[in-house]
Amino acid sequence: DSGVTQTPKHLITATGQRVTLRCSPRSGDLSVYWYQQSLDQGLQFLIQYYNGEERAKGNILERFSAQQFPDLHSELNLSSLELGDSALYFCASSVVGKGGELFFGEGSRLTVL
Amino acid sequence: AQTVTQSQPEMSVQEAETVTLSCTYDTSESDYYLFWYKQPPSRQMILVIRQEAYKQQNATENRFSVNFQKAAKSFSLKISDSQLGDAAMYFCAKDSGAGSYQLTFGKGTKLSVIP
């Protein structure tokens, strides 16, 4: 158990819909990262938050947004869903500093029909 | 944009034998971290080993070791005394080197362990 909790584990929805994925980082970790794992694109960095503020952005679509709340949990919002958004979405957290280990949650499997 | 390449989509190894997974990367930075992550069927990403580019000595973690060739931008993973539990997808990754913990991952190598 990494200590990072993601909900829901599985989610099936239809095109055009909106979903919210939730992540609770390890106790004490201030940074939260979102990654998308799909068959064609592999694992891609989406966005990072540090103590409530956006720190870095990767290949995140405009239809996607995220935030980190004062209690440090984070949410990834995916809207106007398309078939190609079907993927495994990982949240990870880390201690501050380069080279620290990234602790991944078990992921949320999103299926868009 | 930096790239991480794993040229072996699949590999297999006999139980108790040794296997080496390859990884090359592209970067213009001098200081960065490299990682190998394991993703078993349970799908959780687990850190296997990491290497700081400034350290000459290759990292070792029990049965796992790396061969880090900085000039060649090569970072291979050696698994000794392979066990059935080592069967998984293995991903090579590199950080952004910019202080932010963004990782660029390779496409992965699926390792099968034959009893």
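Structural data are supplied above this passage.
Keep in mind that what you see is a predicted model, and the values were worked out from it rather than measured.

A look at the state of the cysteines
Working step 1: Counting across every chain of the model gives two disulfides over all chains.
Working step 2: The disulfide bridge from Cys-23 of chain A ends at Cys-91 of chain A, spanning 1.8 Å between sulfur atoms. Where Cys-23 of chain A bonds to Cys-91 of chain A through sulfur, the torsion about that S-S bond is close to -55°, and the disulfide is left-handed. Residue Cys-23 of chain A is found in strand β3 (residues 19-24), and its partner Cys-91 of chain A is found in strand β9 (residues 87-94); the two are separated by 68 residues along the sequence. Residues Cys-23 of chain A and Cys-91 of chain A agree in their burial class; the two are buried.
Working step 3: Put simply, Cys-23 of chain B and Cys-92 of chain B are joined by a disulfide, and their sulfur atoms are 2.0 Å apart. What sets the handedness of the Cys-23 of chain B and Cys-92 of chain B disulfide is the S-S torsion sign, and at about -70° it is left-handed. Linking Cys-23 of chain B in the loop between β3 (19-21) and β4 (24-26) with Cys-92 of chain B in strand β10 (residues 88-95), this pair joins segments that are 69 residues apart in sequence. Cys-92 of chain B carries the same exposure label as Cys-23 of chain B, and that label is buried.

A few points about the interface of chain A and chain B
You'll often see interface size given as the accessible area lost when the parts meet.
Working step 1: Between chain A and chain B, the residue contacts involve 29 residues of the former and 20 residues of the latter.
Working step 2: Carbon and sulfur atoms make up 51% of the surface buried where chain A meets chain B, a total of about 2,000 Å² over both sides.
Working step 3: Linking chain A with chain B are zero salt bridges.
Working step 4: Here chain A is connected to chain B by ten residue pairs in polar contact (both at pLDDT 80 or more).
Working step 5: Listing elements by their share of the side of chain A that touches chain B, those giving two or more residues are β4 (31-38), β5 (42-50), β6 (53-57), β9 and β11 (108-112) of chain A.
Working step 6: Tallying contributions element by element places β5 of chain A first for the side of chain A that touches chain B, with four residues.
Working step 7: Tallied by class, the residues present in the side of chain A that touches chain B amount to nine nonpolar, twelve polar and eight charged.

Brief notes about the nonpolar core
Working step 1: Within the largest apolar cluster, 24 residues are counted, with the highest numbers of intra-cluster contacts made by Trp-36, Phe-75, Leu-77 and Tyr-90 of chain B.
Working step 2: Those elements that place two or more of their residues in this core are β3, β5 (33-39), β6 (46-52), β8 (64-69), β9 (74-79), β10 and β12 (109-114) of chain B.
Working step 3: With 21 residues, the next largest nonpolar core counts Leu-21, Trp-34, Leu-78 and Val-112 of chain A among its residues.

What to know about the side chain of His-73 of chain A
Residue and element names in this part refer to chain A.
Working step 1: Here His-73 shows up in the loop between β7 (64-68) and β8 (74-78).
Working step 2: Residue His-73 is classed as buried on the basis of its relative accessible area, which comes to 9%.
Working step 3: One polar contact links His-73 to Glu-75, side chain to side chain, over a distance of 3.4 Å.
Working step 4: Sequence-distant contacts of His-73, defined by excluding residues within four places in its chain, comprise Arg-22, Cys-23, Ser-24, Pro-25, Gln-67 and Gln-68.

How each quantity is defined
Residues numbered from 1 in each chain as written. Chains lettered and ligands numbered in written order. Predicted model: local features only at pLDDT ≥ 70, side-chain atom pairs only at ≥ 80, totals over all residues. Heavy atoms only, no water. Disulfide = S-S within 2.5 Å. Helix = DSSP H or I, 4+ residues; strand = E, 2+ residues; numbered from the N terminus. Buried < 20%, exposed > 50% of the residue type's maximum accessible area, 1.4 Å probe, protein only. Contact = heavy atoms within 4.5 Å. Buried area = accessible area lost by both parts, 1.4 Å probe. Salt bridge = Lys/Arg side-chain N within 4 Å of Asp/Glu carboxyl O. Polar contact = N/O pair within 3.5 Å; in protein donor to acceptor, adjacent residues only side chain to side chain. Nonpolar A, V, L, I, M, F, W, Y, C, P; charged D, E, K, R; others polar. Core = buried A, V, L, I, M, F, W, Y, C linked by side-chain atoms within 4.5 Å.

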